[in-house]
Amino acid sequence: MTLAGSIWPGVAALLWLLAAAACGVVATWLWRLVERFGPAARALAVALAATGFWALGCGLLGQEAALTAMAESGRNLGWLFALYRLFAVDGRLASVQPVRPMLYALGFVELVQAFAHALFGAASADQAPLAAYAFQSLTLLHLLLQIGGLVLVHNLYVGARAETRLLLRWPAGALLALWGFDLNYYTVAYLSHGMPEMLGALRSVAVLAAASTLAIGALTGRAQVNLRPSRAVTFQSLSLMLIGGYLIAMVALAQWLSWSGGNLAMSLQLGVVSAATVLGVAVIASARMRGWMRVMVAKHLFQHRYDYRSEWLRFTRTIAKPGGSDASLDQRVIRAVADMTDSPAGLLLTAGEGGRLELAARWQWPTAEVPGLALSAAQCRFFEQQGYVADLDELRAGRASAEATAAVPQWLRDEPRAWALVPLLHFEQLVGMIVLARPPHPRKLDWEDFDLLRVAGQQLASYLAEHAGQAALAEAGRFEDFNRRIAFVMHDIKNLASQLSLLARNAEQHSDNPEFQRDMMITLRNSSDKLHALLSRLSRYGSSAIETLQPVAADQVAARVAAQFQALHNVQLVEAAPCRVAAQADSLEQVLVHLVQNAVDASPVGAPVFVRVACEGLGGVIEVLDSGTGMSPEFIRTRLFKPFDSTKSGGFGIGAYEARELIRAMRGRLDVESCEGLGSRFTIHLPLYDAAELIDTLAAKRVA
């Protein structure tokens, strides 16, 4: 006997005992971690314990012992029960009726095998022909169990939802290691009419692999999914073809090994297994090879990973606002894209003034800090021209182009949950962008994700553009109705103003008392002036209302407005830098009065309202800041500047709209920043009077 022949049985026994210990430890651990594998946790623990008992028998008694054979049957029955419980992880017990008869049939096969082993083992001890027949029959039963079990494992994994696969891959991998190796073992045994000693000893390694896989699955839930099966029908057909091809290859290999004979056959068995292992490790270790194989398989062999029919039906149902849903269109737009990629949250950025993007809505993402200027006009042009779907993880890793990196703002790169950025293009115009949060089990976006997200973005952009058009038409209709109503009021007021003017002129000519005449004239003229001012304000809706701009001391206007409110509320002018802007004094004062009044209404009693005036670059800035109730991004976008939509009882809802239009007419801009529960800040930007002509010249050159 050689040295290797004397040492090998001891090494094999040690491996079996190590496998038994590993199964016992992991089984004890799984029994306590019931939340990891849900309803299948205890069943997996029992199956591992039965596997450990069988491994202990193999190490102490040998694989051919009757007690060990009975333990192997118990092991297989335990795994069949665990497999049945795994179907309940995502609630599929009621939808897998065809699987139950197969499970029962495999369980019956295993019971028959245990009974036949005990019967034939006792009856054929002295009968060589019967012993050979019993061996072949029992081996065929083993093969039937392994093939049926692997088909069930395949059905378990492929039929699960995407998020459930992340959990099921660990027990599926353990069963693949256990039954896959046994399929090799019993195939060689059947074709060579004897148990392969070397492969039999290596079964302990498969047991160790199964226990380790379940241990890793219990420890982690963050690894990426590398296995991406296609649609069920295609994959099942391919699976049957692969099993048939595998068996044919094993028959050819066994015949060749039988011709080789002797020690060479055992060496070749071990060599084939080792070569297959090295090849598998090489493929797994090479990220480039794995990526290439995934793309090639997905494109040319299998159907696509997405079931486009079901995805589009779900997409349409989400946008159509099913019964009971109170989410706005903006939130439904986010969710429609997030559902495709299993993203738990998202943001919608839409185009504001000057082509820049601003936050329009959030969906299940209240913690994201989005600045007022989410994306500049220059950054938007890149996405508009390229239609680029940004993988933010790739960008953070430095694997994106310089242009793409520059187009993604810093706040988005710093947001840890941000995962993907999807442009919404309508007729090659950027309507908005969707920011998707990282899924609970993230994965790398591939070509199919990019294609689907790009098409979904175009479809959603058309919805948003159509919604905006309908809103504009509805607003125009409300304006028309408002103008019809106000026309009567303006007519009456105009008549009254004419009568008062006439009365004043007659009083100047016919009053006998000069002093009374003087007082009456002053009173009537003041009333007339007020009525004419009211008419002027009622007629001023649009940018053409202010034709000429004058130098206005913004700090003095702010001081007058703050003084008007001192008796009513604590309004503080915290900074009043000398600032001469191009504006119209009465209009600017009217806007400030409205903004301060709104801030006072939103603030608690005694809470100060701050006003600040400063010069920044070529413009003047007036800020009104309060610590009141604040507003949501959706309210700012959909209601704040919408006329005839008032939160005040009896209000017209045109104050904020008129304020913004007046500032625009003075070639300025009104910005709003607000947070619910913290307060709001309204910022008026107006050009400095000395720089207004230069700004107009530069703007005219850009247009030309």
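For the structure, see preceding data.
Cut-offs used in this document
Residues numbered from 1 in each chain as written. Predicted model: local features only at pLDDT ≥ 70, side-chain atom pairs only at ≥ 80, totals over all residues. Heavy atoms only, no water. Salt bridge = Lys/Arg side-chain N within 4 Å of Asp/Glu carboxyl O. Helix = DSSP H or I, 4+ residues; strand = E, 2+ residues; numbered from the N terminus. Buried < 20%, exposed > 50% of the residue type's maximum accessible area, 1.4 Å probe, protein only. Phe/Tyr/Trp six-rings, centres within 6.5 Å; stacked < 30°, edge-to-face > 60°. Lys NZ or Arg CZ within 6 Å of the ring centre and 35° of its normal.

Draft legend 1. Local environment of the pattern of salt bridges. Evaluation of the coordinates by the stated rule reveals 21 salt bridges. Between Arg 203 and Glu 72 there is a salt bridge, with the nearest N and O atoms lying 2.9 Å from each other. Remark: Glu 72 occurs in helix H3 (residues 66-86) and Arg 203 occurs in helix H7 (residues 197-219); sequence separation between them is 131 residues. The exposure classification of Arg 203 matches that of Glu 72, with both residues buried. Salt-bridge contacts for Asp 339 lead to Arg 335; the nearest nitrogen and oxygen are separated by 3.6 Å. In this pair, Asp 339 and Arg 335 both sit in helix H12 (residues 329-340), 4 residues apart, roughly one turn of the helix. Residue Asp 339 is classed as buried on the basis of its relative accessible area, which comes to 16%. Assessed through its relative accessible area of 42%, Arg 335 is described here as partly exposed. Within the structure, one salt-bridge network assembled from shared partners comprises Glu 72, Arg 75, Asp 182 and Arg 203.

Draft legend 2. Fine view of the packing of aromatic side chains. For the structure on display, the rule yields 6 aromatic pairs. Each ring, one from Trp 16 and one from Trp 54, has its centre 5.2 Å from the other, and the planes form 80°; the classification is edge-to-face. One end of the pair, Trp 16, is in helix H1 (residues 3-32); the other, Trp 54, is in helix H2 (residues 41-60), with 38 residues separating them in the sequence. Trp 54 matches Trp 16 in its accessibility class, with the two residues each being buried. Here a set of aromatic residues connected by ring pairs shows up, and it is made of Phe 382, Phe 383 and Tyr 388. The ring of Trp 31 has Arg 42 sitting right over it, with the charged end atom 4.3 Å from the ring centre. The aromatic ring of Trp 54 is capped on one face by Arg 75, whose charged end is 4.6 Å from the ring centroid.

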